[in-house]
Amino acid sequence: MKVLASKSNIAVSERRRNIKEVYKTGIAKKIIVLLTLIVLLLVTALSALVVGASSVGVKDVIKVVGASLLPNYFAPADALAEAGIMGLRLPRILLGIITGISLAGAGAVMQGILRNPLVSPYTLGMSGGASFGAALAIVLGSSLLGAGFATVGTFLVAGSAFLFGFSTMMLVYGIAKIKGTAPETLILAGVALGYLFSAGVSALKYIAPHEALKDLVIWLMGGLWGANWQQVGLLVPLVLLCMVFLMRFAWDINALAAGEEVAINLGVNVKRLRLGTLIVASLAASATVAFTGVIGFIGLVAPHISRILIGSDNRFLIPCSCLMGAVILLASDTLARTVLAPAEIPVGIITSLIGVPFFLYLLLKRRKHITMS
Amino acid sequence: MELFIEGVNFSYGSYPVLQSVSMEVKPGQVLSIIGPNGTGKSTLLRCLAQVLKPQGGKIILDGREISKINSRQLAKMMGYVPQAAGEAFSFTVLETVLMGRKPHLTWGVGQKDLDVVAEVMRLMHLEELAQRQLDELSGGQKQRVFIARALAQQPQVLLLDEPTASLDIRHQLEVLELVGDFAHRQKGQVVMVLHDLNLAARFSDLLLMLNDGRVFAAGSPRDVLNEANIRAVYGVKARILNRATGYYVIPLNPV
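With that settled, consider the overall build of chain B. Per the secondary structure count, chain B includes nine helices and twelve strands. Projected onto its principal axes, the C-alpha positions of chain B cover 55 × 40 × 35 Å. Within chain B, residue pairs in contact and separated by at least 24 positions form 63% of the contacts whose partners lie at least 6 positions apart. Within the structure as shown, chain B displays about 10800 Å² of accessible surface, and the carbon and sulfur contribution to it stands at 48%. Counting 27 positive and 25 negative side-chain charges, chain B places the averaged centre of each group 4 Å from the other.

See below:
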């Protein structure tokens with residue numbers, strides 16, 4: 001009898017160790033995925049520094065970056081190469097990385113808290129709001145301020161785009177709150193407001209003077225060409241802080257995926273979680289869109305690829321989406337400025353070319369359990 | 001760790017669903033809530049889980065009113081398994097059970113958490129399924145995963161909303177036996193909503209029969225399930241069989 005009991009005890013402790021091992025190998029695999037993405041991002045960034053309209057060698061890049069980071073150890077670099085790399089390419093690369101992080105991270109979080117795989121900053125109406133804000137500033141600003149617009153224009157446009165993008169998200173959430181936070185309400189509200197804003201943008205295009213129209217069309221296409229160190233200095237800390245904040249709620253978002261009632265039972269304050277994370281995710285996304293214009297589908301595609309790669313645990317999904325978004329956007333932007341060099345294609349066109357087929361694929365391949373509720 | 005509720009009222013807007021419902025469950029007992037559709041069985045369970053806040057009355061666990069216990073603390077005392085809602089994204093079985101540790105952990109998963117999860121998965125026969133995706137499982141397997149998640153909270157009280165709905169008879173028996181073990185061996189309390197009167201009679205120590213949001217009858221299955229009560233509450237003529245294998249309700253025809 002005693003022998004039997006101890007035998008079964010051994011079996012129990014063995015199986016217990018098995019579950020632990022399953023857990024630990026799972027975590028190790030996820031960490032390897034994250035590390036691989038970090039390496040991939042670094043490689044993409046390096047090649048983005050090297051290729052372009054004015055081709056710069058790898059040596060020049062190292063010289064220039066080295067000289068500005070550690071001036072004591074590197075000989076001063078060629079002034080032209082320095083202007084190209086430090087003044088144009090590097091800020092553009094950093095803006096691309098931070099925009100990818102912001103849109104994809106926000107998309108992953110929004111999908112999680114609204115329990116809907118089709119949600120992203122783009123599909124919730126934020127981009128529509130931001131476009132209208134930018135259009136309003138470009139068209140009214142240029143006619144009211146005249147020549148003065150050239151000096152304050154960029155920040156006026158960005159500010160207005162941010163304000164409209166952010167408040168659209170809050171409006172969508174407010175509408176959903178009156179009607180209950182059912183995910184389909186949020187999507188429908190987002191789509192409806194998106195239509196309204198696109199009508200507004202059309203109206204503004206119609207009345208816009210020629211010069212403003214050109215600026216507006218360029219803004220709406222979205223792109224990273226306006227990158228400068230000021231924007232990077234503003235966005236990098238803002239977006240990283242937002243993402244750290246969102247990561248803190250990874251477990252709560254996991255619990256919410258199992259259903260609202262389950263989340264409440266697990267001690268999650270669902271209303272506060274939704275409002276808090278939605279505000280922070282919208283803040284990050286609308287701040288970047290304000291400077292880059294509409295860049296579609298990163299916020300949708302990157303989280304979904306990440307779900308396939310790393311699973312749905314938000315502790316790993318959020319950082320994985322951020323890295324994936326950065327890699328995709330940076331690679332797209334590099335393509336956009338090199339394919340037809342010296343001419344550039346707006347990066348939004350490339351991301352849409354990748355994103356739309358993927359979105360349709362998701363709709364068609366959508367497994368039964370992914371319901372809208 | 002006694003659980004009792006006293007005069008609980010709940011209404012959706014002006015429509016009253018529960019009217020002065022009272023009951024008591026001691027450690028080691030299984031209580032099943034029975035009654036026709038729309039009599040507030042699930043609402044009562046949601047009030048117990050604090051998913052809904054009752055407008056009147058008290059729910060007391062371990063001498064404390066549960067509305068005054070903070071949500072994280074309460075999550076360690078009560079595990080709730082609602083009727084299966086669609087999962088928005090696919091998690092693995094292990095990840096799902098691990099979610100039950102949410103009230104116990106901050107960000108990292110400790111040895112203690114993994115020990116509890118491993119033990120619960122052993123109890124629910126889920127070890128082989130640890131890495132499977134939830135949406136690949138059968139209804140019975142899923143139900144065991146959800147109960148395991150609730151057990152990983154290490155609760156005193158387990159609340160289950162129709163745990164046997166959509167399960168075949170083998171899985172019905174399996175799930176209810178596991179739930180019974182939790183009450184009888186670990187001295188926890190189980191409160192569940194059941195539709196099947198024969199399963200309720202067999203696996204419960206206590207029955208609470210609701211009709212129109214009020215307690216119609218309460219007590220042991222033999223006291224509650226008689227021909228008169230079933231006729232009055234369900235509008236069904238039934239015969240009761242008392243056999244060596246158990247106590248059976250044979251519904252005959254609606255009246």
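So that's the structure; there's more coming.
This next bit is on the overall build of chain A. Across its full length, chain A carries 14 helices and zero strands. If you list the helices and strands of chain A from N to C, you get α-α-α-α-α-α-α-α-α-α-α-α-α-α. Restricting the contact set of chain A to residue pairs at least 6 apart, pairs at least 24 apart contribute 75%. For chain A, the accessible area works out to roughly 17000 Å², and carbon and sulfur atoms hold 72% of it.

Opposite the 40 residues of chain B that make contact, chain A presents 37 residues. Between chain B and chain A the total buried area reaches about 3800 Å² when both faces are included, carbon and sulfur atoms providing 62% of it. When the buried area of chain B at its contact with chain A is split by residue, Phe89, Lys102 and Trp107 of chain B rank highest and sum to 21% of it. Linking chain B with chain A are four salt bridges, by the criterion used here. Its salt-bridge partner being Lys102 of chain B, residue Asp252 of chain A comes within 3.7 Å of it at the nearest N-O pair. Elements that contribute at least two residues to the side of chain B that touches chain A include exactly helix H2 (71–75), strand S6 (78–81), helix H3 (93–99) and helix H4 (111–123) of chain B. Broken down by element, the residue count for the side of chain B that touches chain A peaks at seven residues, all from H4 of chain B. Among the residues making up the side of chain B that touches chain A, the classes are represented as 19 nonpolar, ten polar and eleven charged.

Residues and elements named next belong to chain B. Within strand S3 (residues 30–34), five of the five residues are buried, leaving the element largely enclosed by the surrounding structure. Where S3 and strand S8 (residues 189–193) come together, four bridges link them in parallel fashion. Opposite Leu31, over in S8, you have Val191 as the bridge partner. Where S3 meets strand S9 (residues 206–211), four bridges bridge the pair, whose relative direction is parallel. Across the sheet, Ile34 pairs through a bridge with Met209, a residue of S9.

Summed over the entire model, instances satisfying the criterion amount to 15 salt bridges over all chains. Here Arg46 of chain B makes a salt bridge to Glu261 of chain A, at a shortest N to O gap of 2.6 Å. With Arg46 of chain B in helix H1 (residues 41–48) and Glu261 of chain A in helix H10 (residues 260–265), the pair connects residues from two separate chains. Here Glu65 of chain B ties to Lys68 of chain B by a salt bridge, and the two come within 3.6 Å at their closest N and O atoms. Classification of Lys68 of chain B as exposed rests on a relative accessible area of 67%. Here the salt bridges share partners, and the residues they tie into one network are Arg92, Asp333 and Glu344 of chain A.

Residue and element names in this part refer to chain B. With antiparallel pairing, four strands are arranged side by side in an open sheet as S2-S1-S4-S5. Looking at strand neighbours, the two that pair on one side only are strand S2 (15–25) and strand S5 (64–65), the edges of this open sheet. The sheet contacts of H1 involve strand S1 (3–12), S2 and strand S4 (56–61), and relative to S1 the element is tilted by about 120°.

Another aspect to go through is the domain arrangement of chain B. Residues and elements named next belong to chain B. Here chain B is partitioned into domain 1 (1–77 + 155–226) and domain 2 (93–153). Where domain 1 packs against domain 2, one counts one salt bridge. Close ionic contact of Glu174 with Arg144 constitutes a salt bridge, the shortest N to O distance being 3.0 Å. In this structure, the connection of domain 1 to domain 2 is made through five residue pairs in polar contact (both at pLDDT 80 or more). Among the secondary structure elements, those contributing two or more residues to the side of domain 1 that touches domain 2 are H2, strand S7 (157–161) and helix H6 (169–186). Looking at which element gives the most residues to the side of domain 1 that touches domain 2, the answer is H6, with seven residues. Grouping the amino acids of the side of domain 1 that touches domain 2 by side-chain chemistry returns ten nonpolar, two polar and four charged.

Thresholds, definitions, all that
- Residues numbered from 1 in each chain as written.
- Chains lettered and ligands numbered in written order.
- Predicted model: local features only at pLDDT ≥ 70, side-chain atom pairs only at ≥ 80, totals over all residues.
- Heavy atoms only, no water.
- Helix = DSSP H or I, 4+ residues; strand = E, 2+ residues; numbered from the N terminus.
- Contact = heavy atoms within 4.5 Å.
- Areas by Shrake-Rupley, 256 points an atom, 1.4 Å probe, with all protein chains shown as cover.
- Lys, Arg positive; Asp, Glu negative; His and termini not counted.
- Charge placed at Lys NZ, Arg CZ, Asp CG, Glu CD.
- Buried area = accessible area lost by both parts, 1.4 Å probe.
- Salt bridge = Lys/Arg side-chain N within 4 Å of Asp/Glu carboxyl O.
- Nonpolar A, V, L, I, M, F, W, Y, C, P; charged D, E, K, R; others polar.
- Buried < 20%, exposed > 50% of the residue type's maximum accessible area, 1.4 Å probe, protein only.
- Pairing = 2+ DSSP bridges.
- Axes fitted to C-alpha atoms, helices over the stretch in contact; angles between N-to-C directions.
- Domains from an automatic or database assignment.
- Polar contact = N/O pair within 3.5 Å; in protein donor to acceptor, adjacent residues only side chain to side chain.

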